[in-house]
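Below, each chain spelled out in residue letters.
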Amino acid sequence: MSAETLIVVALLVPIVGAGLIALTGRNPNLRETMTIATSLVLFATVMGLLAAVLSGATPRTASVEIFAGVELGFSVEPLGMIFAVVASGLWIVNSIYSIGYMRGHNEPRQTSFYVCFAIAIAGAIGVAFAGNLFTLFLFYEILTLSTYPLVAHKADAKAISGGRIYLLMLLGTSMGLLLPAIVWTGIVAGTLDFMPGGILAGKLGGTALGLLLALYIFGIGKAAVMPMHYWLPAAMVAPTPVSALLHAVAVVKAGVFTVLKVVVYVFGIDLLAETGASEWLVFVAAFSLLMASIVALTRDNLKARLAYSTVSQLAYVVLGAALATQAAIIGSGMQIVMHATGKITLFFCAGAIMVATHKTEISDMAGIGRRMPVTMFAFLVGSLSIIGLPPLGGTWSKWWLGIGAVDAGHEWVVAVLMTSSLLNVAYLLPIVAPKAKPGERIAVTEAPKACLIPLCITAALCIVLFFGAGQVETLLAQLATTAPADIAATLPKGMPDGL
Amino acid sequence: MISSNLPALQVVLPLLGAVLTALVRRGQIAWFIALVVSWTMPMIAFALLKQVLAEGVVSYALGGWAPPLGIEYRVDLVSAYILILVSLMGALVVSYAPRSVASEIAPERQAWFYTMYLLCMCGLLGIAITGDAFNAFVFLEVSSLSTYVLIALGRDRRAILSAYQYLIVGTIGATFYVLGVGLLYVMTGSLNLADIAGRIGDIDNIRPLLAALAFITVGISLKVALFPVHLWLPNAYAFAPSVVTAFLASTATKVAIYLLLRYLFSIFGVVFVFRDLPVTEILITLSVAAMIIASVVAVFQANVKRMLAYSSVAQIGYITLGIALATQTGLTGGIVHIFNHAVMKAALFMAIGCVVFRTGAVKIEDIAGIGRHMPLTMGAFVIAGLALIGVPGTVGFVSKYYLVAAALEKGWWWLAAIIVISSLIAVVYVGRVIEVAWFRDPGAAIRAAREPPLEMLVFTWILTAAIVVLGFDTELTAGIAGRAAEVLLTGMK
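Being a predicted model, the structure only gives us computed values, none of them experimental. (Residues numbered from 1 in each chain as written. Chains lettered and ligands numbered in written order. Predicted model: local features only at pLDDT ≥ 70, side-chain atom pairs only at ≥ 80, totals over all residues. Heavy atoms only, no water.)

### Structural notes on the overall build of chain B
Check the secondary structure of chain B and you find 22 helices and two strands. In terms of C-alpha radius of gyration, chain B reaches 21 Å, essentially the compact-globule figure of 23 Å for 493 residues. Sorting the 493 residues of chain B into buried and exposed places 65% on the buried side. Partitioning the contacts of chain B with sequence separation of at least 6, the portion at a separation of at least 24 is 82%. Accessible area for chain B stands at about 16,500 Å²; split by element, carbon and sulfur atoms hold 68% of it. (Helix = DSSP H or I, 4+ residues; strand = E, 2+ residues; numbered from the N terminus. Rg over C-alpha atoms; globule rule 2.2 N^0.38 Å. Buried < 20%, exposed > 50% of the residue type's maximum accessible area, 1.4 Å probe, protein only. Contact = heavy atoms within 4.5 Å. Areas by Shrake-Rupley, 256 points an atom, 1.4 Å probe, with all protein chains shown as cover.)

Printed below as a string of structure tokens:
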């Protein structure tokens, strides 16, 4: 298949899958087979594009004009490739986990759950492969709308109000700020296409650029930059697989991915570096980064604590975008991958604890490590990756971000990163540690295998990514500002090239 | 023979159909006649569009009397666009109608219903096609009188009161209009619109011209339901039979907007109206008020049809906003929204019509949990609701994009902000229904509900599909709207 066909197939597979899941809803085993088959086919399709992108090509489809200057079109560049691989790859693991969790937890309306899930993945892939701002916006909204039923899934008062906040904040920011930003870009630049080096050079002055960037940053509510983060903790009423894949990977990563994409392909990092239009964002992101970590410390509900941790970790990506140096952008791209693997592991563990012990509050989890040793070991691995300790993947994103900060002349950011890592230690590790009362005998009760295996896989991935980060780096190194060829030479060395 | 008389057939066929249905007196047969006529109408309208695209403006002298003395039917791009909209909506609504009508209207009145519907259709198409100011008044009255009857046919007793309310307002509107036309006639000595437009520049005394403009604008605004003279609309929409609401919401106000466009742009002229007079300021103020106030009021409605009616007032605000901006982008946005809003509102009212058909419920509280029992119907409602918000991938986005772009082109940040704020209020009122319909537990009445009969579902979904398809393929809507805007901005003048 040609690359162009593969792009279209990748978009259609989850949609067709959603249809098949709906049709086979009467037979749960068949339905779950459909979900897993769809996720496998999707992953294979996405991987089919990888070789071309690794070799430096940018496969694209022909654009279809919708109306004056607004086109529907797709192209696969390195950032999108990474996001698509992460989302589709983790969907496989998450689907297995979903089966264990949804059955173990006796959740109602499972068919519509799996249907919405598949549509949401289609949305994420569309965001990843979008070739211009309109296409990205279209799939961004599909992602919002298809995940709303998942958040309100339980349909009790709390879930409904959580869903309300979710929908209003995400639609509110995107329709209220992102849409005007896109229209403004269209008027000023005369195009909505993503171009290497950006499309705004010489079109807007420094202040206007800063304002436009602000419209984008706060309009992309999914990136959860404070104060637009509030929907994320509210979304934690969703079933755990949703929190795991969508609110640690697909949805939030779609947000920060959009931020990166806008910074790299609409503004262009050279333009931002020249004009300093993103200076303010360094401070906002740093604040968001620290503040969310501090709030996470105060949360006793495990999922809420993880949600605030996500807010903080997303700010790393935005911070990298704001620093607007090549190393920082690489750090941001790395962070998308590393945080996704780490955080999905943590959510899987939280869900496993819920299924096995029905506990949600950290203070009730005394002795949990002895009761669920495998789960909590995976939790430890995930936590260490989030904190950024070797030999785990999270190390590299922090490493590159630090280099990026020094390049940009913001040495103080390194201190912020280190403080944040310490805060991560403070709010993550005590969960693993709580001691059982002396002399108490605790029987080992792990969650069902369908829950346990996925969380082991993702924990193992955290380790693999430490050694395999070279591949990600190769991809991200192509994110040149203007001249792709020179980048490799200018990049600081210091990473193992694969295992 | 037929192709040269298409403009006359466009109006005469529904009139003949109305007479026939009145004669047969049987609901079923009357429906069939209405169906045949209704599907012929869009064919004629498309044929006319083709002629216009090929040969330019089509002028037709009614009865062989040459204009300006005789009545001229005049089809240009703008009127062809409205003809297609009205006739297509009519055809879809009538196809959907029979069982809904049978369930809501007494058997002995059903034939009359179709008579009145065809008369209304005749009047609306007439307004869009005529090139004569007084003839437009006649058609305005034909459509209005039949509309009063159609509304009064609602089974709720308040329908009669609403019809009466509309009758009073409508009559005032028509009177104002005809007064304005009278003034124009005195000054120019002509009733032919093109003729008036040609002579209006020679008038030295501007005062009677201003009076004429005021009378005509206010008169038409009453029919448009422009804020703050919209008060007849919510009751009329809420208590009319479901089919009538779907038809009126997608056609009646739209034709009135067309007439307003004609007078403001083609007759009085862009320069006079928008440069010399503060029409932009006035119209933008009213549009913005409609977009915000009517949307907020919609949030607090308990009756779904009433809520959608207030939403219509708000959406008409978008259209008049586009008109008020009087730029290529803005006017395109306004005109394309005429079409887009018609499609989405018809789909919404049809979906609610299905719910009423199965459960009789129109209160939001009473339809709790209906999404799980009528998923296809409420699925259509959700998609059409998203279009109302302006989500990308639906027609609503196309309109909104043009309007926001038009505001930003002028550098009016506050206006772009108001447009998006209004969309956000739409999120609240649409979301409220969706939340109740899908996430509440159904009561006993709802549990017994199932999907409506096939034809109701099919035609609701044809419109719903159109919402998505026309959100991507905008050749027919935004394409023609853009060219229509060009026509209007250069004007006949």
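### Some remarks on the environment of Ile200(B)
Relative to the elements of secondary structure, Ile200(B) occurs in the loop between helix H8 (193–199) and helix H9 (206–224). In the structure, Ile200(B) is positioned 13 residues away from Met187(B) in sequence and 8.1 Å away in space, judged by C-alpha atoms.

### Quick word on the packing of aromatic side chains
Residues and elements named next belong to chain B. Inspection of the entire model under this criterion finds 34 aromatic pairs over all chains. On the basis of an interplanar angle of 10° and a centroid distance of 4.0 Å, the ring pair of Tyr 166 and Trp 232 is categorised as stacked. Here Tyr 166 is found in helix H7 (residues 158–188), whereas its partner Trp 232 is found in helix H10 (residues 232–239), with 66 residues between them in sequence. Since its relative accessible area comes to 4%, Tyr 166 is described here as buried. (Phe/Tyr/Trp six-rings, centres within 6.5 Å; stacked < 30°, edge-to-face > 60°.)

### Considerations on the nonpolar core
Counting 406 residues, the largest nonpolar core has Tyr216(A), Tyr177(B), Tyr263(B) and Phe268(B) as its most contacted members. By residue number, the principal contributor to this core is helix H9 (residues 240–267) of chain A, which donates 20 residues. Each residue touching Tyr216(A), except ones within four places of it in the same chain, is listed here: Leu133(A), Leu178(A), Ala181(A), Ile182(A), Thr185(A), Val262(A), Val266(A) and Phe267(A). (Core = buried A, V, L, I, M, F, W, Y, C linked by side-chain atoms within 4.5 Å.)

### Points about the interface of chain B and chain A
Taken together, the contact pairs 26 residues of chain B with 31 residues of chain A. Across the interface of chain B and chain A, roughly 2,600 Å² is buried in total on both sides, 81% from carbon and sulfur atoms. On the chain B side of the contact with chain A, Tyr401(B), Glu435(B) and Phe439(B) bury the most area, a combined 27% of that side's loss. Here chain B is connected to chain A by one salt bridge. Between Glu435(B) and Arg164(A) there is a salt bridge, with the nearest N and O atoms lying 2.6 Å from each other. The interface formed by chain B and chain A includes two residue pairs in polar contact (both at pLDDT 80 or more). The set of elements that each furnish at least two residues to the side of chain B that touches chain A consists of helix H17 (375–389), helix H18 (395–409), helix H19 (413–439) and helix H21 (454–472) of chain B. Along the lines of polarity and charge, the residues of the side of chain B that touches chain A split into 19 nonpolar, four polar and three charged. (Buried area = accessible area lost by both parts, 1.4 Å probe. Salt bridge = Lys/Arg side-chain N within 4 Å of Asp/Glu carboxyl O. Polar contact = N/O pair within 3.5 Å; in protein donor to acceptor, adjacent residues only side chain to side chain. Nonpolar A, V, L, I, M, F, W, Y, C, P; charged D, E, K, R; others polar.)

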